[in-house]
Amino acid sequence: MSAQSLTSHGRFGRHRDGVLRFLKSGMVTTALVVAIAAPSAKAQPNGPERTETAVASSSPITTVAESVVTLRIPLPESVGPHPAACDRLSYLRYRDAAGPARSADADAVLVAQPGIFEGAGAFDSVARNTVAAAAKQGRHLEFWALDRRSNCLEDHLGMRAGLASRDVHLAIDYYYRDTDIDGHRFGGVVPNEQLGWLGRVGVAQTVQDQYDLLTAELPDPASRKRKTLCGGHSLGGVITAFFAEWDFGGVAGADQCAGYFALDSSIDTSLSALNGIPDILDLSIGGIGSAAAEAALDGGAIPRVLALPAVINPETMNLLGIAGLAAYLAPHTESDLAAYVPSSLNQEATYRVLVSRNVAAAATGSPSVRDFRITNAAALGAFLDANSQPLALLQAGFGFFDGGTVVDKDFPLPGDVAAVPALRGLTGMLFGPDRKAIPDQPNGPLYTWRDYDDPAVAAGAADRHGVPFTDATHEVTDIADLSRSLAAQPLDFTEWYFPMRLAFDVFQSQAPELTRHRTHPGGIFANPTINLIGGAGVVVAAGARGHGETVTAPGYHHIDVLTAAARQSGGQPEVISTNLARFALERVDRP
């Protein structure tokens with residue numbers, strides 16, 4: 001089965017030769033990024049070719065400088081033929097604008113691995129907030145948000161053109177309507193048969209990439225050990241644990257880090273520490289053994305990309321970015337995305353899962369999302385807000401519907417079932433703890449969106465039992481920050497191509513192919529750890545607890561840990577970044 005067969009027909013069902021030719025040509029939208037004073041590409045002494053490009057951001061935190069860094073570190077020949085663009089590693093670098101220009105001169109460098117279906121752009125708020133929190137103390141941190149190598153396959157040209165022209169329709173035209181941009185045409189999702197190399201990119205290559213990047217950017221081993229903090233969000237915490245135990249030619253991954261940080265995650269190679277599910281040991285998804293899984297990936301018998309027929313696949317991951325772009329450019333304008341994006345089986349199924357009141361509405365498609373008048377901000381809320389998005393891994397608390405009446409959303413899970421105490425841990429881990437709501441007046445008023453800090457964010461909105469759907473403690477992310485991260489980053493928030501091999505590897509951490517490299521089993525305990533978790537996130541719901549210090553941010557959902565606004569209710573500072581900056585500085589200041 002190909003990745004193409006898992007998504008819709010049309011533009012997202014076709015392949016374009018030479019993915020990311022636009023990016024490789026260096027024609028980057030000037031409204032998004034501008035070149036720094038140094039040459040854009042430079043061969044470093046005894047190091048790989050490196051480029052660094054400054055990012056112009058509309059973030060209100062103007063004291064933090066952002067740039068996108070790429071290094072040419074080729075994949076090994078053993079992975080097989082692959083696009084040339086995939087021989088580069090990329091990350092977003094955040095630093096204090098008034099601080100040192102060289103990373104080696106910073107007080108500390110935090111290096112973050114992304115979670116599943118997540119790109120480097122998702123770290124934008126927590127990175128800025130953390131750097132700014134340290135700067136208030138006169139200290140200079142850097143935050144590096146890593147991008148997985150598989151993101152080299154993504155085509156961001158339509159998004160960048162839509163951003164530069166302030167026209168979301170141009171992005172949709174590019175991805176769905178055969179519209180050329182500067183002579184380039186989108187060709188759809190890269191099919192499974194052309195992703196043989198990605199079937200060989202799992203934990204081993206992922207941790208090697210992090211090691212190679214660290215040693216290239218911070219070549220002094222003593223400096224890395226003294227000032228580098230290693231961590232990640234969600235699955236990124238698990239990847240960090242593998243990195244800590246891995247042997248890199250006689251050198252332990254743990255020796256590259258002064259400490260660890262887990263963002264709604266745990267520094268542990270066992271997924272049970274993250275989600276409460278018992279270890280699967282050497283069995284992977286569906287009971288396939290590690291050797292059989294590797295053979296099936298090599299032969300193409302199973303997809304090389306983790307994708308579902310709806311909601312989670314390359315097309316819908318990009319569609320979330322498009323929804324973010326519309327909310328970023330024109331949050332209060334009535335949305336026409338559902339009508340303007342050409343209909344397909346994938347689109348229809350995704351809309352029914354995300355915007356159906358009950359089973360009957362999901363089965364019949366009536367009323368459909370097209371029957372409701374909603375602003376672009378409310379559309380993004382329907383896709384990602386914790387009171388609407390059904391999947392806990394994709395939830396943030398950033399406001400609530402306004403402008404019309406809402407009712408309980410009982411699909412895909414009835415609200416009353418989700419509230420049963422005996423099931424709360426399981427349902428919370430999968431669907432989050434919040435009651436879901438949905439607009440109740442098709443062909444009626446224009447539904448708008450109240451932002452997270454609106455005093456009336458949930459005024460008059462209560463479930464069938466008279467309990468408010470939300471309150472101020474569960475609304476912590478500014479929709480302006482979230483939409484900017486989704487739409488205006490050179491490395492995107494959502495990940496189109498999550499490698500299936502990486503999923504298999506983390507589900508079979510005791511497989512011989514992995515354990516022979518994990519020769520430093522004490523690595524995850526070799527350095528201090530801070531667990532920064534959301535009170536409404538997946539770790540709390542699973543009842544899991546990592547080793548080390550734990551800070552719980554009340555009301556934060558899984559994505560809020562990354563996206564929470566710098567200013568919280570009552571003017572309080574943001575919890576996650578404040579404690580992350582404090583932990584990092586304590587580590588580098590230790591005797």
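These notes cover the structure that comes with them. Nothing here was measured: the structure is a model prediction, and the numbers come from that model. (Residues numbered from 1 in each chain as written. Predicted model: local features only at pLDDT ≥ 70, side-chain atom pairs only at ≥ 80, totals over all residues. Heavy atoms only, no water.)

Regarding its fold elements, the protein presents 22 helices and 18 strands. Here the protein holds 591 residues, and 60% of them are scored as buried. A sequence separation of at least 24 residues applies to 78% of the contacts in the protein between residues at least 6 apart. (Helix = DSSP H or I, 4+ residues; strand = E, 2+ residues; numbered from the N terminus. Buried < 20%, exposed > 50% of the residue type's maximum accessible area, 1.4 Å probe, protein only. Contact = heavy atoms within 4.5 Å.)

With that out of the way, let us pick up the packing of aromatic side chains. For the structure on display, the rule yields 16 aromatic pairs. Between Phe117 and Phe498 the ring centres are 5.7 Å apart and the planes differ by 55 degrees, which places this aromatic pair in the tilted class. Of this pair, Phe117 sits in the loop between strand E6 (108–113) and helix H2 (124–135) while Phe498 sits in the loop between helix H17 (479–487) and helix H18 (500–507), and the two are 381 residues apart along the sequence. Here Phe117 and Phe498 have matching classes, each one buried. (Phe/Tyr/Trp six-rings, centres within 6.5 Å; stacked < 30°, edge-to-face > 60°.)

Taken across its six residues, E6 has six buried, putting it largely inside the fold. Both faces of E6 are covered, namely the face carrying Ala108, Leu110 and Ala112 and the face carrying Val109, Val111 and Gln113. Where E6 meets strand E7 (residues 141–147), five bridges bridge the pair, whose relative direction is parallel. Bridge pairing in E7 links Val109 to Glu142. With five bridges connecting them, E6 and strand E8 (residues 228–233) associate as parallel partners. The partner of Val111 across the bridge, within E8, is Cys230. (Pairing = 2+ DSSP bridges.)

What follows covers H17. Buried residues dominate H17, accounting for eight of its nine residues. Looking at the buried positions of H17, the neighbouring elements they touch are H2, helix H3 (157–165), helix H10 (314–329), helix H14 (376–384), strand E16 (446–451) and helix H21 (560–563). For H17, the N-terminal capping position is held by Asp478, with its side-chain oxygen 2.9 Å away from the main-chain nitrogen of Ala480. (Polar contact = N/O pair within 3.5 Å; in protein donor to acceptor, adjacent residues only side chain to side chain.)

Tracing the sequence through the fold places Val588 in helix H22 (residues 575–588). Assessed through its relative accessible area of 17%, Val588 is described here as buried. C-alpha of Val588 to C-alpha of Ala108: the two residues are 480 residues apart in sequence and 6.7 Å apart in space. Ignoring sequence-local partners within four residues, the contact set of Val588 consists of Asp107, Ala108, Arg139, Arg226 and Lys227.

One pass over the structure, following the stated rule, counts 35 salt bridges. Of the charged contacts in the structure, one is a salt bridge between Arg50 and Glu52, with a shortest N-O distance of 3.0 Å. A single burial state applies to Arg50 and to Glu52, both of which are buried. Across the salt bridge formed by Asp209 and Arg149, the nearest N and O atoms sit 2.7 Å from each other. Of this pair, Asp209 sits in helix H5 (residues 203–217) while Arg149 sits in the loop between E7 and H3; the two residues are 60 residues apart in sequence, bridging distant segments of the chain. No difference in accessibility class separates Asp209 from Arg149, as the two residues are buried. If you follow the salt bridges from partner to partner, you end up with Asp408, Asp410, Asp416, Arg435, Asp463 and Arg464 in one network. (Salt bridge = Lys/Arg side-chain N within 4 Å of Asp/Glu carboxyl O.)

Within the secondary structure, Asp124 is located in helix H2. The class of Asp124 is buried, set by a relative accessible area of 0%. Within the local environment of Asp124, its side chain forms a polar contact with the side chain of Arg128, the two groups lying 3.0 Å apart. At a separation of 3.0 Å, a polar atom in the side chain of Asp124 contacts the side chain of Gln489. In contact with Asp124, other than residues within four places in its own chain, are Glu66, Tyr94, Arg484, Ser485 and Gln489.

Counting through the fold element by element, Asn318 comes out in helix H10. Take Asn318: its relative accessible area is 4%, and that puts it in the buried class. For the pair Asn318 and Asp492, spaced 174 residues apart in sequence, the C-alpha separation works out to 9.2 Å.

Here the focus is the sheet that holds E16. Strand order in this open sheet of three strands is E12-E16-E13, and the pairing throughout is mixed. Both outer strands of the open sheet, strand E12 (373–374) and strand E13 (399–402), are each paired with one neighbouring strand and no more. Relative to E16, E12 is paired through two bridges, and the arrangement is parallel. Its bridge partner being in E16, Ile374 is matched across the sheet by Tyr447. Packing of H14 onto the sheet brings it into contact with E12, E13 and E16, and relative to E16 it is tilted by some 75 degrees. (Axes fitted to C-alpha atoms, helices over the stretch in contact; angles between N-to-C directions.)

Ranked by size, the top nonpolar core spans 162 residues in total, and within it Phe143, Leu153, Trp197, Val203, Ile322 and Leu380 carry the most contacts. The contact partners of Ile322, leaving out residues within four places of it in the chain, are Met159, Val168, Ile172, Tyr175, Tyr176 and Leu337. (Core = buried A, V, L, I, M, F, W, Y, C linked by side-chain atoms within 4.5 Å.)

Let's shift gears to the pairing of strand E3 (residues 49–55). Counting buried residues along E3, six of its seven residues qualify, which places the element largely inside the surrounding structure. Looking at chain direction, E3 and strand E4 (residues 64–72) are connected through six bridges and run antiparallel. Within the sheet, the bridge partner assigned to Thr53 lies in E4 and is Val68.

So, on to helix H7 (residues 235–245). Across the eleven residues of H7, eleven count as buried, placing the element largely inside the fold. Taken together, the buried positions of H7 are Leu235, Gly236, Gly237, Val238, Ile239, Thr240, Ala241, Phe242, Phe243, Ala244 and Glu245.

So, on to unusual backbone geometry. For the peptide bond that leads from Ser366 to Pro367, omega is -10 degrees, which places it in the cis range. With respect to the element layout, Pro367 can be found in the loop between helix H13 (359–364) and E12. Here Phe411 and Pro412 are connected by a cis peptide whose omega angle stands at 5 degrees. Here Pro412 is to be found in the loop between strand E14 (406–408) and helix H15 (415–418). Even without a glycine there, the phi angle at Arg166 is positive, about 55 degrees. Positive phi, normally seen in glycine, also occurs at Asp264, with a value near 45 degrees. For Asp264, the location among the structural elements is in the loop between strand E11 (259–263) and helix H8 (272–275).

Relative to the elements of secondary structure, His558 occurs in the loop between strand E18 (549–553) and H21. Of note is the side chain of His558, whose polar atom sits 2.6 Å from the side chain of Asp264.

These values are about where atoms sit, not about what they do.
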